Amino acid sequence: MLVSGDRLLQVAKEHHFAIPAFNAGSGQLFTATLEKAEELQAPFIMAIHPTELDFLRDSFVAQVIDAANHTDLPIALHLDHGASYEQVIHAIHLGFTSVMIDASLTDYEHNVALTQKVVEAAHATGVSVEAELGTIADTGNDVEGHLTDNVQYTDPETAKEFVEATGVDSLAIAIGTAHGLYPKDVKPKLKPEIVKAVAAAVDVPLVLHGASDNPDDKIAEAIEYGINKINISSDIKIAFAKDLRTVLNENDPDEIREPKVLFPSPMIATQKVVAQKIKLFGDVDRTKLYYQNEPVNEIPYDVKNFQVEHFSA
């Protein structure tokens, strides 16, 4: 079922886990993600960046909406890093149930003003809004375009003021992560403790961008401290691309050409990453929470007992 981003994240906040937001920027990536999430009964967010939407075309959105409405999984369709009011309105017209307005690279006053404008329009149609405060570095192709060593960590008091001023539904914060993969000579300076401080200052779900290529124990710690949505893009796309190269290199190029032959193996490789992230985020078998009113007994998320080797696809 297609739901708002706020519906997904409020339950995650209440029960102390994180919803994965997968930038599954093709039909194959989306299908692979959906199938694995259904198997694990894991709610998720289908995130599409404006440059991905330009490539996929607006008609792709109808495919995602149709698939979401034919599964019992709670799924939100999210515009990732909308850069303008016009992009956000276009996404709402297409049927997105969640939008992000990212004015984090502008001055604070402009970020507040633009976010307020987006919140007013989106809430009028039942669409939830994510904004960003602080800067999240970019090591790769798309998204924001600022340097890895130029991260501005989110200040808790500023976050409190921002949330109160804008009425935003969720807030992406900067703890030292970066979009894309880190260069070999760069080591991220992650500060998960910032999550705890911001979570104590605001009452909205917190979002972590740039989670690919970061240590699992640090991600687990961020969830323990209050992260409720985590964006994953590079990790699933790299798994798909690596396996596709293997398929192409190991077969006669004149004989292997059909998409139905080329893509199944890369899709399976993608699903292994999807499964690992879902398990790491504590998202397995959480669908039932969206169909019940009674509280459930929760096992607190304990980073000390988290062990990666326990997880398998």
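None of the values given here were measured: they were computed from a predicted structure. (Residues numbered from 1 in each chain as written. Predicted model: local features only at pLDDT ≥ 70, side-chain atom pairs only at ≥ 80, totals over all residues. Heavy atoms only, no water.)

## Points about the overall build of the chain
Secondary structure assignment for the chain yields twelve helices and ten strands. Counting the 313 residues in the chain, one finds 55% classified as buried. Sequence separation of at least 24 residues holds for 72% of the intrachain contacts in the chain that already meet a minimum separation of 6. Looking at the chain as shown, the accessible area adds up to about 14,200 Å², and 50% of this sits on carbon and sulfur atoms. (Helix = DSSP H or I, 4+ residues; strand = E, 2+ residues; numbered from the N terminus. Buried < 20%, exposed > 50% of the residue type's maximum accessible area, 1.4 Å probe, protein only. Contact = heavy atoms within 4.5 Å. Areas by Shrake-Rupley, 256 points an atom, 1.4 Å probe, with all protein chains shown as cover.)

## Re the pairing of strand β10 (residues 227-232)
Burial analysis of β10 places six of its six residues in the buried class, which makes it a mostly covered element. Summarising the sheet, strand β1 (residues 19-22) and β10 pair through four bridges and their orientation is parallel. Across the sheet, the residue bridging to Ala21 is Asn231, located in β10. Of the pairings in the sheet, the one linking strand β9 (residues 206-208) to β10 comprises three bridges and is parallel in character. Considered in β10, the bridge of Leu206 is made with Ile227. (Pairing = 2+ DSSP bridges.)

## Examining the pattern of salt bridges
Taken as a whole, this structure holds seven salt bridges when the rule is applied. Residues Lys229 and Glu130 are paired through a salt bridge, measuring 2.9 Å at the closest nitrogen-oxygen approach. Of the two residues, Lys229 is situated in strand β10 and Glu130 in strand β5 (residues 128-133); the sequence distance between them amounts to 99 residues. Taken individually, Lys229 and Glu130 each receive the classification buried, so the pair is uniform in this respect. (Salt bridge = Lys/Arg side-chain N within 4 Å of Asp/Glu carboxyl O.)

## Focus: helix α4 (residues 59-68)
The set of residues buried in α4 consists of Phe60, Val61, Val64, Ile65, Ala67 and Ala68. The arc that holds every buried residue of α4, seen down its axis, measures 165°, which confines them to one face. Those residues of α4 that are buried lie in contact with α2 (27-40), β2 (44-48), α3 (50-56), β3 (75-82) and α5 (85-94). (Arc of directions from axis to C-beta.)

## Quick notes on the packing of helix α6 (residues 108-123) against helix α7 (residues 156-166)
Packed helix pairs are specified by the crossing angle of their axes together with the interaxial distance, meaning the distance between the axes. Remark: α6 packs on α7, axes separated minimally by 9 Å, with the N-to-C direction vectors making an angle of 35°. The hand of the α6/α7 crossing is right-handed. Contact with α6, carried on its side by Tyr108, Asn111, Val112, Thr115, Gln116 and Val119, involves Thr158, Glu161, Phe162, Ala165 and Thr166 of α7 and no other residues of that element. Looking at the contact of α6 with α7 residue by residue, the class counts come to five nonpolar, five polar and one charged. (Axes fitted to C-alpha atoms, helices over the stretch in contact; angles between N-to-C directions. Left-handed = near helix turned anticlockwise from the far one by under 90°. Nonpolar A, V, L, I, M, F, W, Y, C, P; charged D, E, K, R; others polar.)

## So, the UniProt feature "active site" (unreviewed entry) in the chain
Taking the UniProt record as the reference, the feature "active site" (unreviewed entry) is found at Asp80. Considering the arrangement of structural elements, one finds Asp80 in strand β3. We classify Asp80 as buried; its relative accessible area is 4%. With near-sequence residues (within four places) excluded, Asp80 lies in contact with Asn23, Ala47, Ile48, His49, Pro50, Met100, His209 and Asn231. (UniProt positions renumbered as here; feature names shortened; annotations may be inferred.)

## Quick notes on the environment of Ala239
For Ala239, the position within the fold is in helix α10 (residues 234-249). Take Ala239: its relative accessible area is 15%, and that puts it in the buried class. Ala239 sits 30 residues away from Ala269 along the chain, and the two C-alpha atoms are 5.8 Å apart. Discounting chain neighbours no more than four positions away, the residues touching Ala239 are Ala269, Thr270 and Val273.

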